[in-house]
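Residue-level listing of the chains:
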Amino acid sequence: MKRQAFALPFILCLIASTVIPMMMVAYYGFTDRSGSFTMANILSVFQPVHLKALGLALGLSLISTVVCLLLAFPLALILRDSHLGRRGFIVFIFILPMWMNFMLRTMAWQVILERDGIVDSLLNFIHLPHAQIINTPAAIVLGMVYDFLPFMVLPIYNSLMKIDDSLIEAARDLGASSRKVISSVLLPLSVPGIASGITMVFIPSLTTFVISNILGGGKIYLIGNIIEQEFTTSANWNLGSGISLVMMLFILGSMAVLQRLDKSGEAELL
Amino acid sequence: MSGNMGKGLRGLVPRRILLTIFIFGALFLVLLFLGLFLDNGRGSEKEVRVYSYGDYVDPAVVEDFEKETGIKVILDTFDTNEEMYPVIKNHAGVYDVICPSDYMVERLRKEGLLQKIDYSKIPNVKYIGERYLKIADGSYDPGNQYSVPYQFGVAGIMYNTKKIPKGSITSWSDLWNPKYRGKMLMQDSLRDTLMVGLKLHGHSLNSAREADLKEAVDSLIDQKKLVYKFANDSARDLLIGGSADLGVVWNGEVLYSRDLNPDLDFVIPKEGTELFVDNWCIPENAFHKENAEKWINYLCRPEVAKKNFDYLTYTTPNEAARKMLPAEVRNDPAIFVPSSALEKSEVLRELGSEANDLYSRYWKMYKSSNK
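Let me sum up the structure you'll find in this document. (Residues numbered from 1 in each chain as written. Chains lettered and ligands numbered in written order. Predicted model: local features only at pLDDT ≥ 70, side-chain atom pairs only at ≥ 80, totals over all residues. Heavy atoms only, no water.)

Regarding the overall build of chain A
The test is simple: Comment: elements are numbered from the N terminus, with helices defined as DSSP H or I runs of at least four residues and strands as E runs of at least two. Relative accessible area decides the class of each residue, using a 1.4 Å probe on protein chains only: under 20% of the type maximum gives buried, over 50% gives exposed, and in between gives partly exposed. Whether two residues touch is decided by their heavy atoms; if any such pair falls within 4.5 Å, the residues are in contact. Per-residue and other accessible areas were derived by the Shrake-Rupley procedure at a 1.4 Å probe size, with only the shown protein chains allowed to occlude residues.
Regarding its fold elements, chain A presents 13 helices and zero strands. Starting at the N terminus, the α and β elements of chain A follow one another as α-α-α-α-α-α-α-α-α-α-α-α-α. Projecting the C-alpha coordinates of chain A onto the three principal axes gives extents of approximately 70 × 70 × 30 Å. Burial statistics for chain A: of 270 residues in total, 43% are counted as buried. Counted over contacts in chain A with a minimum sequence separation of 6, partners at least 24 positions apart contribute 72%. Surface exposure of chain A reaches about 14300 Å², of which carbon and sulfur atoms provide 74%.

Observations regarding the layout of surface pockets
What counts here: Cavities and pockets were defined on a 1 Å grid built from protein atoms only: a cavity is a group of points that admits a 1.4 Å probe but offers it no way out, a pocket is an open group of points flanked by protein on both sides within 12 Å along at least five of seven lines, and a lining residue is one with an atom within 4 Å of any such point. Grid points are joined across faces, edges and corners, and a volume is the space filled by probe spheres set on the points. Each residue gets one of three labels, nonpolar for Ala, Val, Leu, Ile, Met, Phe, Trp, Tyr, Cys and Pro, charged for Asp, Glu, Lys and Arg, and polar for the others, Gly among them.
In this structure, the second largest pocket encloses a volume near 480 Å³. If you go around the second largest pocket, you meet 24 residues; those closest to its centre are Asn135, Thr136 and Lys219 of chain A together with Lys224 and Val227 of chain B. Counting only elements with at least two residues in the lining of the second largest pocket, the list comes to helix 3 (48-81) of chain A together with helix 8 (210-224), strand 6 (227-230) and helix 15 (353-368) of chain B. It is helix 3 of chain A that contributes the most residues to the lining of the second largest pocket, three residues altogether. Its residues assigned to classes, the lining of the second largest pocket shows nine nonpolar, seven polar and eight charged.

Remarks on empty space enclosed by the protein
All names here are of chain B. Per the counting criterion, the structure on display carries three cavities of 30 Å³ or more. Its volume calculated, the largest cavity comes out at about 90 Å³. Broken down by secondary-structure element, the contributors of at least two residues to the lining of the largest cavity are strand 4 (148-160) and helix 12 (302-312). Of all the elements, strand 4 adds the most residues to the lining of the largest cavity, at three residues. Looking at the lining of the largest cavity residue by residue, the classes come out as eight nonpolar, four polar and no charged.

Some details on the sheet that holds strand 2 (residues 72-78) of chain B
Either a parallel or an antiparallel arrangement is found when strands of a sheet pair, and the pairing is made through backbone hydrogen bonds. Residue and element names in this part refer to chain B. We count it as follows: At least two DSSP bridges between two strands are needed for those strands to be called paired.
As summarised here, the arrangement of the three strands in space is 2-1-3, forming an open sheet in which the pairing is parallel. Strands with a single pairing partner mark the edges of an open sheet, and in this sheet they are strand 2 and strand 3 (97-98). As judged from the two bridges shared by strand 1 (residues 47-53) and strand 3, these two strands associate in the parallel manner. Bridge pairing in strand 3 links tyrosine 51 to isoleucine 98.

All we've got here are geometric facts, nothing functional implied.
Structure follows, in structure tokens:
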């Protein structure tokens, strides 16, 4: 009874900031402008334009999740084994850029990649051909990887840190090579961390509209851009809410799958 | 640790009191929260609540107004008309004076959200140029009853004369020239961008016919591969810095851009273009109508309008302020566009939700295409 009482303020906050807004989204999603019930907003996701944007968003966020994973796992291994001073310090260095708003960091990439920007000038200086990636899907993937990499590294690092050193020593005693230690001991034991890392990279990448706006030059439309447009310029909140509800299904689906792998709940550590 | 603390607390304070404290604490938080959002009280009589585009009034002008009249200015800002509309419509905020664009004036007026302006209280309106009032009269505000023009602008093409010979850009169709592939900027705003396609084919930019829109968007989709970037406010910086050679921009950017890069030139395409007029209006539920009138009257004062022009560099409809400007600015056809260049041009009109949905559908088709 007493413990529940402590939870009361938080439950009220939760109701005010999550439950009520969600109900409003659902209300708008299932009604038309005049306020009568309709499924048209939900079904509009099957319109070719929306399907295309959804497909592109799924594709790009899958690619960035895979790239993040490929970068993060070795990095987390290095962090685990590093004995450079206190481990906490290296993790701290890694989290440091996250103190700055991610919009600003994304805009910095815009300046770096712009024509006659830093990358362009450097390539020019050593007489390499121009590699224009700004305003292409590649730039968006770069932005996603850059913005969300820490969310992949930290849970994997956490789960690697929980692995007892004696397990690795035991594997070594039994004659396992370094590669075998990674593939048979470290990798399986860090699955919960990997699962929550994937959740935390895939979901924000799937729904982002800021990154595609800033680094895509407005030429590439992801599903997030469609939703944003319905709210800001088209003033069709009903359609925007309808598509948001469909996106929620995607998010809940991917979370349900990954939750099964992440039984220890690494995500909660962040 | 926490168990020990719990025990300690339990010993000191009875459970019921603790519970009560928490409930009241939570209620207090919730009320505070609500209070922040529902604070629509009248407030003091000596204030005026202004809702306008971000950075659309010289801060020095606001200060001077406060000093002179003793009326406190509460300035809230929005980025797009569409952002402002639901706030006014749902009375989410109560404002005394707002700054909507042409077509939004029309929508608000038709929905009865504006009140008629009492011109006897705003004598300085006599300084506003006849042709601006005529534009309003002929389209979004017949009889000029609800709006006072504040800023004016036209869309055109700005280009770098170092890369593109001066005089070779005359028409919207120049934006379809493959020579400029990857060097071109387009506006990133539904109506302002589709306007280019509509005008290219000689349609009205307010056409609600699907055939017109389809023709426009088909052409724009063909052109999209040539576009370097869709940019609104950053377009001028990309042109100044040389990342792009030509782009669709508003003429209000010309003075600023030419200051930093004298090679930039601005033309109004011969097919005609889009005009905009941003206006001061008084919502029907304004609390401080008199203060709102004082605010509008003050901003129509020639010295004040000139000060604002120096700050914003958007065309001022205030003819008396124009006369105070140096000759090269006053007579610059890019800034004070001659009326002859405006003949085929139009302001945006409110199209109704059905046509808006049509535009929005074609816009999404255009933006998500990748030919």
